[in-house]
Amino acid sequence: MKRKATVNPVIRDDIQRYTKNKLASSLALLGLICCCAYFIVLYSQVKNNNYYYKWPIALDVIYNLIFLLFAFLFSEQVKNYDRKLFWLQTFFGAMQIVRIFWLPLAGVTETLYPVLAGIAYNGRVLGSGAFISMVVFLAASGAFIIASGIIGYIRSKSLDVFNKKLESGEVSVEETLKELDAADESAAAVTKEATNA
Amino acid sequence: MPDVKIEHLDKVYDGGVQAVYDFNLDIKDGEFIVLVGPSGCGKSTTLRMVAGLEDITGGKLLIDGKDCTRLPPKDRDIAMVFQNYALYGHMTIYENMAFSLTLRKEDKQLIHRKVMAAAEILDLKSQLNKKPKQLSGGQRQRVAMGRAIVRNPKVFLFDEPLSNLDAKLRGSMRREIMLLHKKLNATMMYVTHDQTEALTLADRIVCMSMGHVQQIGKPIELYEHPANTFVATFIGLPPMNMFEGKIENGKFVCDLFEYPLNDEQKSALAEYEGQPVIMGCRPENVTRSGNVKLTVTNNENLGMNSLIHGKIGGVKIVVAKFAEWCSFKEGDEIQIGFDEKMTHFFEMPKTTVNEKGEQTVTEYGKAIR
């Protein structure tokens, strides 16, 4: 039968010493996946002779490659409670949001406005569905990367504090475990007595 | 910890080959049972039937009074430790030990407490962040045991857990398993072909051969009072010396020597007068005085004692174990005898001849007492 234990702060922190920061790591990977979704939508819009068929797309490809590399690096870093790259991670997350105002927005202004203004335009018009998808994917990607960084930072900091407390003898995992076992035993004894009565 | 009751257990494989015949055993709460026997005797099959990894063809299995005969392994509340450790290479030791509880979606803090308690018992605390490949064989086997301990199962099953380890490590792990049993006071079933493990670990030994239980008893019972010729030769190292002969006028007579029986032996063997029987004597019960002439073929000095291999009448190979440093050379002739209190008599085994003309034993010679 499953037992629900009350949260003990020492045990909660001690668990971190033996487990990976899977939440932060998964969020960073989600950020990476969202970025992939973004560029799949973007590159599907690139057709011969349209607005996107220009040199900025090459810069976007290069940036995407760099982002994917770093997103994976962030995922591995936060998994091991390492916060060395926290600021860089936040920067890359923010950059994903900034990117909304580059190619997606420019795509709309360059292709939709001439059509709306009645000016002759022979290229492909960026649809609202594609535009919204790109905005959502980029925003989500940025949010996941930043959230991953923040969670990674908080947990890594708390682990450091806990390790220092352990070293100084301020807390003892062994003592806590013994106390919890003793509490469990006395609770079991009370339950047994109540059952017998 | 619960009782385990095994009643008339049979295992017949699809091809019609029967691996286990009518296995009966009552395991008491906290008892350490060792199943011992040569390869192919059905000991691992029996253990796997208890674990639920093999279907039970016939019979009944009760764990803590609950009929588990047809229950899937996950519902039997048992834990098994395998010879090859079966650890997940990509997980850390902590994750390996916590894995079964994580699958059950137990509370993280409870999992942590159980893993830490098991690591403490097995002295694995400093290894928890390592991967299995970074550990030695003995440590890996301890992890496998830890994984079983955290589940707090009703019964622990061990399938030759020390067979992959070298002799020295096996010795230390054997002691650790013994201590573990004392600490946990758990019901354990342990399969091995190593009689040293069986004799040192077991509260009771189940000696098996050809799918049949040959004898169940305390280690000392199997050693001092073997039920048949198989147990007599399987338990004890070097194996018991066996001599075929006849009972004639209060003597055991064989081609090589005559052995006068004492009063107790005479009364036990009274109805075997003139009939063929087997006399057995362990190497450690061979004495340095007697009327049997032994020609030494090999002398192994082991420090505390010496193993003397020799022939009687130029034919029968006999091993004697003397508690002293001997300096016999090949070809030396010495007089030996047999400790009359420690000689055993058995009926002749029943044999049949198969289609290839080979003689096979169908029933081992029973002990005469």
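Keep in mind that this is a model prediction, so the values were computed, not measured.

*Asks:* Help me understand the overall build of chain A, please; the structure alone is not making it clear to me.
*Replies:* Secondary structure summary: chain A contains seven helices and zero strands in total. Counting from the amino terminus, chain A carries its helices and strands in the arrangement α-α-α-α-α-α-α. On the principal axes, the C-alpha backbone points of chain A span a range of 90 × 40 × 20 Å. A fraction of 79% describes how many contacts in chain A between residues 6 or more apart in sequence connect residues 24 or more apart. Accessible area of chain A: about 11500 Å², with a carbon and sulfur share of 66%.

*Asks:* For this particular structure, what's the right way to read unusual backbone geometry?
*Replies:* Glycine aside, a negative phi is what most residues show, and trans is what most peptide bonds show. Residue and element names in this part refer to chain B. Each neighbour pair has its own omega, and for L237 with P238 the value is -10°, a cis peptide bond. At N249, a position not held by glycine, the phi torsion is positive, near 50°. The topology assignment puts N249 in the loop between β11 (241-248) and β12 (251-253). The class of N249 is exposed, set by a relative accessible area of 73%.

*Asks:* Would you mind going over the pattern of salt bridges with me for this structure?
*Replies:* Pairs can form between side chains of opposite charge whenever their charged atoms are close. Scanning the model with the defined rule gives 25 salt bridges over all chains in all. In this structure, R99 of chain A engages D60 of chain A in a salt bridge whose closest nitrogen and oxygen atoms are separated by 2.9 Å. Here R99 of chain A is found in the loop between α4 (86-98) and α5 (103-116), whereas its partner D60 of chain A is found in helix α3 (residues 56-79), with 39 residues between them in sequence. Per residue, the accessibility class of R99 of chain A equals that of D60 of chain A, and both read buried. In this structure, K251 of chain B and E258 of chain B form a salt bridge, with 3.4 Å as the shortest nitrogen-oxygen distance.

*Asks:* Sorry, what's going on with helix α5 (residues 167-184) of chain B here?
*Replies:* Note that an α-helix has 3.6 residues per turn; residues three or four places apart therefore point the same way. Residue and element names in this part refer to chain B. Between its terminal C-alpha atoms α5 stretches 26 Å, which fits the 26 Å expected from 18 residues at 1.5 Å a residue. Listed in full, the buried residues belonging to α5 are G171, M173, R174, I177, L180 and H181. For α5, the elements touching its buried residues are β3 (32-36), α3 (108-122), α4 (137-150), β8 (187-192) and α6 (195-201). The opening residue of α5, the one whose side-chain oxygen lies 3.2 Å from the backbone nitrogen of K168, is D166.

Thresholds, definitions, all that
- Residues numbered from 1 in each chain as written.
- Chains lettered and ligands numbered in written order.
- Predicted model: local features only at pLDDT ≥ 70, side-chain atom pairs only at ≥ 80, totals over all residues.
- Heavy atoms only, no water.
- Helix = DSSP H or I, 4+ residues; strand = E, 2+ residues; numbered from the N terminus.
- Contact = heavy atoms within 4.5 Å.
- Areas by Shrake-Rupley, 256 points an atom, 1.4 Å probe, with all protein chains shown as cover.
- Buried < 20%, exposed > 50% of the residue type's maximum accessible area, 1.4 Å probe, protein only.
- Salt bridge = Lys/Arg side-chain N within 4 Å of Asp/Glu carboxyl O.
- Expected span 1.5 Å × (residues − 1).
- Polar contact = N/O pair within 3.5 Å; in protein donor to acceptor, adjacent residues only side chain to side chain.

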